[in-house]
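# Observations on chain architecture
Letter by letter, the chains look like this.
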Number of protein chains: 2
Amino acid sequence: MATKTTPTLSDVQAARERIGSRTRVTPVYSSDNLSARTGRPVVLKAENLQRTGSFKIRGAVNILATLSPEERAAGVYAASAGNHGQAVAAAARDLGVRATIFMPQDAPVAKVEPTVSYGAEVVLVGAGFEEALAEAVRGADETGATFVHAFENERVIAGQGTIGLELMEQMPELETLLVPVGGGGLAAGIAIAVRGLRPEVRLVGVEARRDGYTIADGIAVKRPGDLTGRILDELLDDRVTVTDEEISEAITLLLDRSKLVVEGAGAVGVAALVSGKVDGQGPACALLSGGNIDPTLLISVLQHGLTSAGRYLVIRSRLPDRPGELIKLLSLIAEERGNLVSVAHQRQGVSLDLGDTGVELTIVMRNEEHCQTMLAALEANGFPVERLR
Amino acid sequence: MATKTTPTLSDVQAARERIGSRTRVTPVYSSDNLSARTGRPVVLKAENLQRTGSFKIRGAVNILATLSPEERAAGVYAASAGNHGQAVAAAARDLGVRATIFMPQDAPVAKVEPTVSYGAEVVLVGAGFEEALAEAVRGADETGATFVHAFENERVIAGQGTIGLELMEQMPELETLLVPVGGGGLAAGIAIAVRGLRPEVRLVGVEARRDGYTIADGIAVKRPGDLTGRILDELLDDRVTVTDEEISEAITLLLDRSKLVVEGAGAVGVAALVSGKVDGQGPACALLSGGNIDPTLLISVLQHGLTSAGRYLVIRSRLPDRPGELIKLLSLIAEERGNLVSVAHQRQGVSLDLGDTGVELTIVMRNEEHCQTMLAALEANGFPVERLR
């Protein structure tokens, strides 16, 4: 394969012309809440509201729109843990090209089903991204289809860079831009656009910690390639890393206060800002790169975030084993305006005194202060309470 | 009180000038998924992304910006089950006016905390909206403050109508517009704007069923007043009613496919479209009026929606009471690629045969088809299964 050349600002500008009618100019929102938390103006670029739920459609349209008639006829292959596959599928449908997408066997439904619904053939194969990738490359070789790499491709990078062009128009006061870094195609494209137009903007790449499981599955499976790695080394001012705990908090905040559904990889910029890992006081923009989070994972993240914020109180208590005691406990909780989620009532257990009954309760509360009032009221009424969460 | 006069198109146009810098022009999105489901082009007007999370800021800014210096100095009072309170608080802060907001005692945290954070004084009083309203009116009378009604006010109606002006520019092809109806201020304002500019557009008001509890708390506590009721009777083409079940499905769809957090009242238009209650084939727009749903309620709605869609499988089974049986069951579930959420294991119970152990499992699945495969595999391996959900 020939050495790939770095795309230029004019490649990005050409991409913008090409993808215009098939992608959205995504909106920016200033966030009062995040600005107050971080002590600087914070703006969100809502690329989660892009078609297919992520930025990947930009690069996919840009490459598919430049295929020759022969290449179009032979179709395209891609490998993806999720968003890239949806994007190639949607771009292929737009342009009348056959697409085959290889995904790992356990790819989340939130990513498989939309890909199928865009009319692509989906092949679930292998335990992880690397295996799906190998199969896609092999399949493309055999059939003469064009293999569309998720990031290590000049036209894909140029397509993602169009976000940078939009942002320069939407936010002339921008000082610091936070961009998620996975394979690096997004950050590389944006860096080329921003450096070309406003070299003084500070560019910060944000990565998820890669040791083991992470909720930022959109970026954690990848590392920058030769081409994107070279561009990022040259153009980024800084790189920071955030934890799953920080990402969860950011997802919860964005949902609760900004009404935006953002996936783990898309929330790393806000996570970096809120956790104080990015200095400076000037206007900052966090790019929300995508919104394709599996709803079952979103529920877990929210429950975790709400428990941290004192919105769920989980307690264990003991009741004297006689009729009416549970009713007394529940009445007290209702009086204190707790909203019961679940009750597990256990009449036998190795840790209970004979004649006692164990009960475990999950209660929706207003906030941590409300939790403290509730705990005090329970103790004052003679119920021994152990707080589990 | 003098009889209120109906605002005109030029009142709405004047409101737009007045509120411009303090409110957002909210974006519209065409939804492939909803278009495919309903067989007509469907566009969403994402007013949930408005400042304060709902349309109410438009009316609040419009009225506060027209107060005299003396009225500003005396402050404003409002009663609200949620969104109106946040909006008046934010508008008051913008314009340097003191705001006191009366809310029912059990107002959701998602609505109380932001109101406080905008700097308003919040008074929690009464079991429902009516009592909070009475207190707010009384308080305003006593102190000389201006009482800002949530809908029965010309300037509030004109402010909400600015959505109609935006939409006429954003969607020239619009044929049918679905607007939530609670107190009717939103629908009245929009109807005035749309009738004035494009009288041929079909206007459908959507209400939540009012018998008892509803998740559309933003509209269910209110009925149109004299003024708004008169305007709606004259200008709406049609009115439909949706159920909580339909609203839940709409909230889940909007979150999962459009990446938008929408509250119950804001999802009624999509609910009406998806449930087939609105006929016609031309381009339809559902106004997503707000996004302020309590996250604990959102979790319940999502869990319900995901269970309906086969994403959660809840089963009860019985195990022979000997070591290793639970492991066998769990291994089988893992092999079939079910993702375990909870296990309740019960060694005694009135409905169990002696020597058996009951177990209740919640499993995350891909879809209903996957549920069927799992159930068949469990039966084939000798585990008796009762599907609970």
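Predicted, not measured: the structure shown is a model, and the values here were computed from it. (Residues numbered from 1 in each chain as written. Chains lettered and ligands numbered in written order. Predicted model: local features only at pLDDT ≥ 70, side-chain atom pairs only at ≥ 80, totals over all residues. Heavy atoms only, no water.)

Turning our attention to the overall build of chain A. Of regular secondary structure, chain A possesses 16 helices and 14 strands. If you line up chain A on its principal axes, its C-alpha atoms span 80 × 50 × 35 Å. A buried classification covers 57% of the 389 residues belonging to chain A. In chain A, once contacts between residues fewer than 6 apart in sequence are set aside, the share between residues at least 24 apart is 74%. For chain A, the exposed area adds up to about 15500 Å²; of that, 49% sits on carbon and sulfur atoms. The distance from the centre of the 39 positive side-chain charges to the centre of the 49 negative ones in chain A is 3 Å. (Helix = DSSP H or I, 4+ residues; strand = E, 2+ residues; numbered from the N terminus. Buried < 20%, exposed > 50% of the residue type's maximum accessible area, 1.4 Å probe, protein only. Contact = heavy atoms within 4.5 Å. Areas by Shrake-Rupley, 256 points an atom, 1.4 Å probe, with all protein chains shown as cover. Lys, Arg positive; Asp, Glu negative; His and termini not counted. Charge placed at Lys NZ, Arg CZ, Asp CG, Glu CD.)

What follows concerns the interface of chain A and chain B. Chain A puts 44 residues into the contact, and the matching count from chain B is 44 residues. Together, the buried faces of chain A and chain B total about 3600 Å²; carbon and sulfur atoms form 53% of this surface. Here chain A and chain B share four salt bridges between them. Looking at which element gives the most residues to the side of chain A that touches chain B, the answer is helix 14 (residues 295-308) of chain A, with seven residues. (Buried area = accessible area lost by both parts, 1.4 Å probe. Salt bridge = Lys/Arg side-chain N within 4 Å of Asp/Glu carboxyl O.)

What follows is about the sheet that holds strand 8 (residues 202-208) of chain B. Sheets are built from strands that pair by backbone hydrogen bonding, the pairs being arranged parallel or antiparallel. Residue and element names in this part refer to chain B. Here six strands make up an open sheet; going across it, the order is 1-2-10-7-8-9 and the pairing mixed. Of all the strands in the sheet, the pair left with one neighbour each is strand 1 (28-30) and strand 9 (238-242). Direction aside, neighbouring strands of the sheet carry axes that sit 25° apart on average. Both strand 7 (residues 176-180) and strand 8 contribute to a ladder of five bridges, which runs parallel. If you follow Val 179 over to strand 8, its bridge partner there is Gly 205. The strands touched by helix 8 (residues 154-170) are strand 1, strand 2 (42-46), strand 7 and strand 10 (284-288); relative to strand 2, the strand with the most contacts, the crossing angle is about 140°. (Pairing = 2+ DSSP bridges. Axes fitted to C-alpha atoms, helices over the stretch in contact; angles between N-to-C directions.)

Moving on, we get to helix 9 (residues 185-197) of chain B. Residue and element names in this part refer to chain B. With 13 residues, helix 9 extends 19 Å between its outermost C-alpha atoms, agreeing within 8% with the 18 Å of an ideal straight helix rising 1.5 Å per residue. Buried residues dominate helix 9, accounting for eleven of its 13 residues. Buried residues along helix 9 sit in contact with helix 1 (9-19), helix 8, strand 7, strand 8, helix 11 (226-235) and strand 10. (Expected span 1.5 Å × (residues − 1).)

Moving on, we get to the sheet that holds strand 8 (residues 202-208) of chain A. Residues and elements named next belong to chain A. With mixed pairing, six strands are arranged side by side in an open sheet as 1-2-10-7-8-9. The two strands at the open ends of the sheet, each matched to only one other strand, are strand 1 (28-30) and strand 9 (238-242). Averaged over all pairs of adjacent strands, the angle between their axes in this sheet comes to 25°, without regard to strand direction. Strand contacts of helix 8 (residues 154-170): strand 1, strand 2 (42-46), strand 7 (176-180) and strand 10 (284-288), with the helix running at about 140° to strand 2, the strand carrying the most contacts.

Bringing helix 12 (residues 244-258) of chain B into the picture now. Residues and elements named next belong to chain B. Compared with the 21 Å implied by 1.5 Å per residue over 15 residues, the 20 Å span of helix 12 between its first and last C-alpha is a close match. Those residues of helix 12 that fall on the buried side of the exposure criterion are Glu 246, Ile 247, Ser 248, Ala 250, Ile 251, Thr 252, Leu 253, Leu 254, Leu 255 and Ser 258. Looking one or two residues past helix 12, Lys 259 carries a phi angle of roughly 60°, positive in sign.

For chain A, the average pLDDT comes to 91, and 94% of its residues sit at 70 or higher. Both confidence scores are given for the complex: pTM 0.88, ipTM 0.86. (pLDDT = per-residue confidence, 0-100.)

With that settled, the discussion passes to the environment of His149(B). Residue and element names in this part refer to chain B. Along the chain, His 149 falls in the loop between strand 6 (146-147) and helix 8. In sequence terms His 149 and Leu 165 are 16 residues apart; their C-alpha atoms lie 23 Å from each other. Sequence-distant contacts of His 149, defined by excluding residues within four places in its chain, comprise His 84 and Val 156. Within polar-contact distance, the side chain of His 149 engages the backbone nitrogen of Phe 151 at 3.0 Å. (Polar contact = N/O pair within 3.5 Å; in protein donor to acceptor, adjacent residues only side chain to side chain.)

Our focus in this paragraph is the domain arrangement of chain A. You can read the domains of chain A as domain 1 (9-53 + 155-305), domain 2 (57-153) and domain 3 (310-387). Each of domain 1 of chain A and domain 3 of chain A has a C-alpha centre, and the two are 43 Å apart. (Domains from an automatic or database assignment.)

Let's shift gears to unusual backbone geometry. Even without glycine at this site, Thr52(A) takes up a positive phi of about 70°. With respect to the element layout, Thr52(A) can be found in the loop between strand 2 and helix 3 (56-64). A relative accessible area of 6% means that Thr52(A) is categorised as buried. Its identity is not glycine, yet Arg337(B) carries a phi of approximately 65°, on the positive side. Summarising the element assignment, Arg337(B) is placed in the loop between helix 15 (325-335) and strand 12 (339-346). Exposure remark for Arg337(B): the relative accessible area of 41% places this residue in the partly exposed category.

Take the relation of the copies chain A and chain B next. Both copies of the chain are related through a single rotation about an axis accompanied by a shift along the same axis. Relative to chain B, chain A is turned by 180° and slid 0.0 Å along the rotation axis, the superposed coordinates differing by an RMSD of 0.1 Å. Such values leave the two copies arranged in the relation of a two-fold axis. For chain A, the smallest separation between a C-alpha atom and the rotation axis is recorded for Leu260(A), amounting to 2.7 Å. A share of 100% of the interface residues of chain A reappears at the interface of chain B, consistent with the copies meeting face to face through the same patch. (Least-squares fit on C-alpha atoms with pLDDT ≥ 70 in both.)

Looking now at the pairing of strand 10 of chain A. Regular strands have side chains that alternate between both faces of the sheet. Residues and elements named next belong to chain A. Counted residue by residue, strand 10 has five buried out of five residues, so it is predominantly covered. Along strand 10, one buried face is formed by Ala 284, Ala 286 and Leu 288 and the opposite face, lined by Cys 285 and Leu 287, is buried too. In this sheet, strand 10 lies alongside strand 2 in parallel orientation, the contact comprising five bridges. Residue pairing for strand 10: Val 42 is matched across the bridge by Ala 284. The sheet contact formed by strand 7 and strand 10 spans three bridges and is parallel. Looking at the pairing, Leu 177 lines up with Cys 285 of strand 10.

Relative to the helices and strands, Gly128(A) is located in the loop between strand 5 (121-124) and helix 7 (129-143). Spatially, the C-alpha atom of Gly128(A) lies 26 Å from that of Gln50(A), the residues being 78 residues apart in sequence.

All right, on to the packing of helix 8 of chain A against helix 9 (residues 185-197) of chain A then. Residues and elements named next belong to chain A. Running from N to C, helix 8 and helix 9 cross one another at 45°; their axes reach a closest spacing of 7 Å. It follows that helix 8 is oblique to helix 9 by the angle criterion. When the axes of helix 8 and helix 9 are compared, the crossing they make is right-handed. Contacts from Ile 157, Gln 160, Gly 161, Ile 163, Gly 164, Leu 165 and Met 168 in helix 8 reach Gly 185, Leu 186, Ala 188, Gly 189, Ile 190, Ile 192, Ala 193, Val 194 and Leu 197 in helix 9. (Parallel < 35°, antiparallel > 145°, perpendicular 65-115°, else oblique. Left-handed = near helix turned anticlockwise from the far one by under 90°.)

Let us look at the pattern of salt bridges. All names here are of chain A. For the structure shown, the criterion picks out 44 salt bridges over all chains. The partner of Arg 16 in a salt bridge is Glu 169, with the nearest N and O atoms 2.9 Å apart. Here Arg 16 is found in helix 1 (residues 9-19), whereas its partner Glu 169 is found in helix 8, with 153 residues between them in sequence. Glu 166 is paired through a salt bridge with Lys 45; the nearest N and O atoms lie 2.6 Å apart. Of the two residues, Glu 166 is situated in helix 8 and Lys 45 in strand 2; the sequence distance between them amounts to 121 residues. The burial state of Glu 166 is the same as that of Lys 45; both residues are buried. Within this structure, Lys 45, Glu 47, Arg 58 and Glu 166 form a network of salt bridges that share partners.

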